[in-house]
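Each chain is listed here by its residues.
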Amino acid sequence: MNLPTTLESTAQALLAPGQGILAADESFPTIGKRFKEFNIPSTEENRRAYREMLFTTPGLGEFISGVILFDETIRQKTSGDAFMPELLAAQGVIPGIKVDGGTMALPGFAGEKITQGLDGLREKLATYRVLGARFTKWRAVIGIGEGLPTRICLEANARVLALFAALSQEAGLVPIVEPEILMDGNHTLECCEEVTAATLKTVFAALFDHRVVLEQMLLKTGMVLSGKDCPQQAAAAEVAGATLRCFRRTVPSAVPGIVFLSGGQSDVAATGRLNAICQTNGVPWKLSFSFGRALQDAALKTWKGAPANVAAAQAALHHRARCNGLAVQGKYSQQAERENLAR
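Residues numbered from 1 in each chain as written. Predicted model: local features only at pLDDT ≥ 70, side-chain atom pairs only at ≥ 80, totals over all residues. Heavy atoms only, no water.

## Observations regarding unusual backbone geometry
Here the residue pair Leu148 and Pro149 is connected by a cis peptide bond, since its omega of 5° sits within 30 degrees of zero. In this fold, Pro149 is placed in the loop between strand 6 (135-142) and helix 7 (151-170). Located in the positive-phi region is Asn39, a residue other than glycine, with phi close to 55°. Position of Asn39 among the secondary structure elements: in the loop between helix 2 (28-36) and helix 3 (44-55). You will see that Asp81, though not glycine, has its phi angle at about 70°, which is positive. Mapped onto the secondary structure, Asp81 falls in the loop between helix 4 (71-74) and helix 5 (84-90). The class of Asp81 is exposed, set by a relative accessible area of 53%. (Helix = DSSP H or I, 4+ residues; strand = E, 2+ residues; numbered from the N terminus. Buried < 20%, exposed > 50% of the residue type's maximum accessible area, 1.4 Å probe, protein only.)

Here is the structure:
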């Protein structure tokens, strides 16, 4: 595959019809937790084997336009002696890289976090470009609770996201700006919509201040959802209505696309809600997905670290990716889910 040559063309390629982004950028602690569920030691070799299994899935490029890598993975070679970004490019998939350093407590603001990793980022971005990355991702975490989030938390995270985005564009990389509003808590759909709107308004104000070119970035954020402990869980149609109403009020039309994170939703629920959102016409941005667990869960449960399970695990990933590819087009259904699984 000849990778896109401009930031605009890269952003558009990541938003190709019927495709989305696979987030395979789990940090060492996160992937260690997921492996532990299946008694898989989190060794470098096992992490390499797992991600190689994902990336060599036959037909992956039909439904996956890009993959977000972790620092370890972008430097690893496959069993066939190819670097991971080369393997993805051969599949017709654009390599990307997570560049944030994870979250830390926001000093003076109990229960709130800020993302670290700006130190030395300019030099790291230049290296990642040489290693094959064509886009980047930085995640900020916003919690909902009594008195939370505070204005200071929103503004601090927005400034960091904007600096990351500006540095990425300077390095010739498309930034995926990810403010994630967590599902944790018992908040209502209306409360989530209010917090999401405040977060996005603050983020785009900072992006504007830092002269980030909106046409050369993507927004990654969550759907507007009821908190996971809320007794009244909104239906998919309500989620779609609240999400798009919120975005119309806060996301500039110059942004080429919004890719949804799954944020702890089950794989089938995330696909169904994505489908409901993408059935709406007349929005100014392309809509897609950038799922991690909601794409990988079935594959990991099937693989369990055993080479004999690779083909079945890849079939599970292909199935989930295809379902989400249908959802991006508003064509997903339970019948399609069953038919696809039977393939």
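Next comes the rest of the description.
## Regarding the pairing of strand 6
Buried residues dominate strand 6, accounting for seven of its eight residues. The pairing of strand 3 (residues 94-98) with strand 6 spans three bridges and is parallel. Paired with Ile97 across the strands is Thr136, a residue of strand 6. In this fold, the crossover linking strand 6 to strand 7 (residues 174-181) by way of helix 7 has right-handed handedness. (Pairing = 2+ DSSP bridges. Right-handed = clockwise from strand over helix to strand, strands pointing away.)

## Some details on the pattern of salt bridges
Opposite charge on two side chains allows them to pair when their charged atoms are near. Under the criterion given, the structure shown has 17 salt bridges. In this structure, the salt-bridge partner of Glu26 is Arg34, at a minimum N-O distance of 3.1 Å. Residue classification places Glu26 among the buried residues on the basis of a relative accessible area of 7%. Across the pair Glu193 and Arg245 runs a salt bridge, and its minimum N-O distance is 2.8 Å. Note that Glu193 is positioned in helix 8 (residues 189-209) and Arg245 in helix 9 (residues 236-250), a separation of 52 residues in sequence. Accessibility expressed as a relative area gives 36% for Arg245, which makes it partly exposed. When salt bridges that share partners are traced, they join Asp25, Lys137 and Glu178 into one network. (Salt bridge = Lys/Arg side-chain N within 4 Å of Asp/Glu carboxyl O.)

## What about the packing of helix 6 (residues 121-131) against helix 7?
Close contact between helix 6 and helix 7 brings their axes to 9 Å; oriented N to C, the two are set at 45°. As judged from the angle between their axes, helix 6 and helix 7 are oblique. Crossing angle aside, the handedness with which helix 6 passes helix 7 is right-handed. Residues Leu121, Arg122 and Leu125 of helix 6 form the contact with helix 7, whose participating residues are Phe164, Leu167, Ser168 and Glu170. Looking at side-chain class alone, the contact of helix 6 with helix 7 contains four nonpolar, one polar and two charged residues. (Axes fitted to C-alpha atoms, helices over the stretch in contact; angles between N-to-C directions. Parallel < 35°, antiparallel > 145°, perpendicular 65-115°, else oblique. Left-handed = near helix turned anticlockwise from the far one by under 90°. Contact = heavy atoms within 4.5 Å. Nonpolar A, V, L, I, M, F, W, Y, C, P; charged D, E, K, R; others polar.)

## Considering the packing of aromatic side chains
Following the criterion strictly, the structure yields eight aromatic pairs and no others. With 5.6 Å between their ring centres and 85° between their planes, Phe35 and Tyr50 make a pair best called edge-to-face. Taken together, the residues Phe35 in helix 2 and Tyr50 in helix 3 connect sequence positions 15 residues apart. You'll find Phe35 and Tyr50 in the same group, each marked buried. (Phe/Tyr/Trp six-rings, centres within 6.5 Å; stacked < 30°, edge-to-face > 60°.)

## Some details on the layout of surface pockets
By volume, the largest pocket is sized at about 1,100 Å³. Taken together, 36 residues form the lining of the largest pocket, with Thr30, Arg34, Arg139, Glu180 and Arg293 sitting closest to its centre. Listed by contribution, the elements that provide at least two residues to the lining of the largest pocket are helix 2, strand 6, strand 7 and helix 11 (293-303). Its residues assigned to classes, the lining of the largest pocket shows seven nonpolar, 11 polar and 18 charged. Of the voids in this model, the second largest pocket is the one considered here, and its volume is about 230 Å³. Taken together, 16 residues form the lining of the second largest pocket, with Cys278, Lys286, Leu287, Val328 and Gln329 sitting closest to its centre. Here the lining of the second largest pocket gets three residues from one element, more than from any other, and that element is strand 10 (residues 286-291). Within the lining of the second largest pocket, the residues separate by chemical class into eight nonpolar, seven polar and one charged. (1 Å grid on protein atoms, 1.4 Å probe; cavity = no way out; pocket = protein on both sides within 12 Å on 5 of 7 lines; lining within 4 Å. Points joined across faces, edges and corners; volume = space filled by probe spheres on them.)

## Notes on the side chain of Glu26
Its place among the elements puts Glu26 in the loop between strand 1 (20-23) and helix 2. In terms of polar contacts, Glu26 uses its side chain to reach the side chain of Gln296, at 2.8 Å. Every residue in contact with Glu26, bar those within four places of it in the chain, is listed here: Ile31, Arg34, Arg51, Phe70 and Gln296. (Polar contact = N/O pair within 3.5 Å; in protein donor to acceptor, adjacent residues only side chain to side chain.)

## Thoughts on empty space enclosed by the protein
Evaluation of the coordinates by the stated rule reveals two cavities of 30 Å³ or more. Residue lining of the largest cavity: 13 residues in total, with Ile181, Met183, Gly222, Met223 and Leu225 positioned closest to the centre. Considering only residue class, the lining of the largest cavity consists of seven nonpolar, five polar and one charged. Taken as a whole, the second largest cavity spans an internal volume of roughly 40 Å³. Lining the second largest cavity are Ala140, Ile142, Leu154, Asn157, Ala158, Leu161, Pro179, Thr199, Thr202 and Val203. If you list the elements that add at least two residues to the lining of the second largest cavity, you get strand 6, helix 7 and helix 8. Among the elements that make up the lining of the second largest cavity, the one with the highest residue count is helix 7 (four residues).

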